[in-house]
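Structural overview
In case you want the letters, here they are:
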Amino acid sequence: MASPFLLLAVLALAFAQALAFDPSPLQDFCVADLKSDIFINGFVCKNPKLVMAEDFFSSGLNIAGNTKNKVGSNVTLVNVMRLPGVNTLGVSIARLDYAPYGLNPLHTHPRGTEILTVIEGTLLVGFVTSNPNNTLFLKTLRVGDVFVFPIGMIHFQFNVGEGPAVALAGFNSQNPGLIVVADAVFGSKPPIPVEVLEKSFQVGKDVIEELMAQFK
Ligand SMILES: *[C@@H]1O[C@H](CO)[C@@H](O)[C@H](O)[C@H]1NC(C)=O
Ligand SMILES: *[C@@H]1O[C@H](CO)[C@@H](O)[C@H](O)[C@H]1NC(C)=O
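Residues numbered from 1 in each chain as written. Chains lettered and ligands numbered in written order. Predicted model: local features only at pLDDT ≥ 70, side-chain atom pairs only at ≥ 80, totals over all residues. Heavy atoms only, no water.

Here's the deal with the site of ligand 1
Close to ligand 1 lie Gly 65, Asn 66, Asn 69 and Asn 74. At 2.8 Å, a side-chain N or O of Asn 69 approaches an oxygen atom of ligand 1. Between ligand 1 and the protein, one listed contact pairs an oxygen atom with a side-chain N or O atom of Asn 74 at 2.3 Å. Here ligand 1 loses 36% of its free accessible area of 360 Å² to cover by the protein chains. Its residues assigned to classes, the shell around ligand 1 shows no nonpolar, 4 polar and no charged. (Near = heavy atom within 4 Å. Polar contact = N/O pair within 3.5 Å; in protein donor to acceptor, adjacent residues only side chain to side chain. Areas by Shrake-Rupley, 256 points an atom, 1.4 Å probe, with all protein chains shown as cover. Nonpolar A, V, L, I, M, F, W, Y, C, P; charged D, E, K, R; others polar.)

Some remarks on the pairing of strand E5 (residues 123-128)
Across 6 bridges, the pairing between E5 and strand E6 (residues 136-141) is antiparallel. Counted as the bridge partner of Leu 124 is Thr 140 from E6. Examined bridge by bridge, E5 and strand E8 (residues 154-159) share 6 bridges and lie antiparallel to one another. Bridging across to E8, Phe 127 finds its partner in His 155. (Pairing = 2+ DSSP bridges. Helix = DSSP H or I, 4+ residues; strand = E, 2+ residues; numbered from the N terminus.)

So, the sheet that holds strand E4 (residues 114-120)
Within the open sheet, the 5 strands sit side by side as E1-E2-E9-E4-E7. Their pairing is antiparallel. Edge positions in the open sheet fall to strand E1 (73-78) and strand E7 (146-149), since each of these has one partner strand only. Neighbour-to-neighbour, the strand axes of this sheet turn through a mean angle of 20°, independent of strand direction. Alignment of strand E2 (residues 92-98) against strand E9 (residues 165-171), held across 7 bridges, turns out to be antiparallel. Its bridge partner lying in E9, Ala 94 is registered against Ala 169. (Axes fitted to C-alpha atoms, helices over the stretch in contact; angles between N-to-C directions.)

Looking at the UniProt feature "binding site: oxalate" (unreviewed entry) in the protein chain
Under the present numbering, the feature "binding site: oxalate" (unreviewed entry) in UniProt falls on Asn 104, His 109 and Glu 114. With respect to the secondary-structure elements, His 109 resides in the loop between strand E3 (103-108) and E4. The class of His 109 is buried, set by a relative accessible area of 7%. Secondary-structure assignment places Glu 114 in strand E4. Residue Glu 114 is classed as buried on the basis of its relative accessible area, which comes to 2%. Those residues in contact with Glu 114, other than ones at most four positions away along the chain, are His 107, His 109, Phe 147, Val 148, Phe 149, His 155, Gln 157, Ala 169, Gly 170 and Phe 171. One polar contact links Glu 114 to His 109, side chain to side chain, over a distance of 3.0 Å. (UniProt positions renumbered as here; feature names shortened; annotations may be inferred. Buried < 20%, exposed > 50% of the residue type's maximum accessible area, 1.4 Å probe, protein only. Contact = heavy atoms within 4.5 Å.)

This is the structure:
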């Protein structure tokens, strides 16, 4: 039988992981040395004596991403890979562009909460809570409106206006991560066995194969 201490330790660990945001910094900054081959949680610090203003700088978010793709949206993410100065600081930013009726498809950020504001256009946005409720919170956003997508929740943004739309999003992670539901489920490499998908989605082989064909 597990000792009460072991049980407590496991509970504490589970609780700590439920609160697992980016860890706090232990110095003023730790500019990422993206070329180091030492693997730690985050990136090794560049020698602080060699740090320059450029390390905290990135440009180009005034430029629209190309939305001529099958979903009609484009995300330009400035995370630690593009802005090494955010290493250990728990922040990143993104520009989102949407063609008319463009969609940022169902996805989740495993390591970050997202706060989004609309700069141009009208977006229908929503996220779904976890089991067992799976409640959908849905809202239409106009210029200047702000919406928050809690960490880990599956969410989307859909341009319901007739013109293009633009949004800016902040994340409380230097590397929020991205799981696009359809790509992960129907487009994994190697593929998830069809039988697993049939039972998961309670449909037949034909439906699964058609879905898989879209995300190769
Ligand atoms: C997003 O836009 C950039 C810049 O135009 C382009 O290089 C990239 O291929 C686009 N991504 C998608 C998924 O269309
Ligand atoms: C989830 O659903 C249950 C059962 O309908 C309900 O009692 C509970 O209050 C709901 N929780 C939230 C957070 O909405």
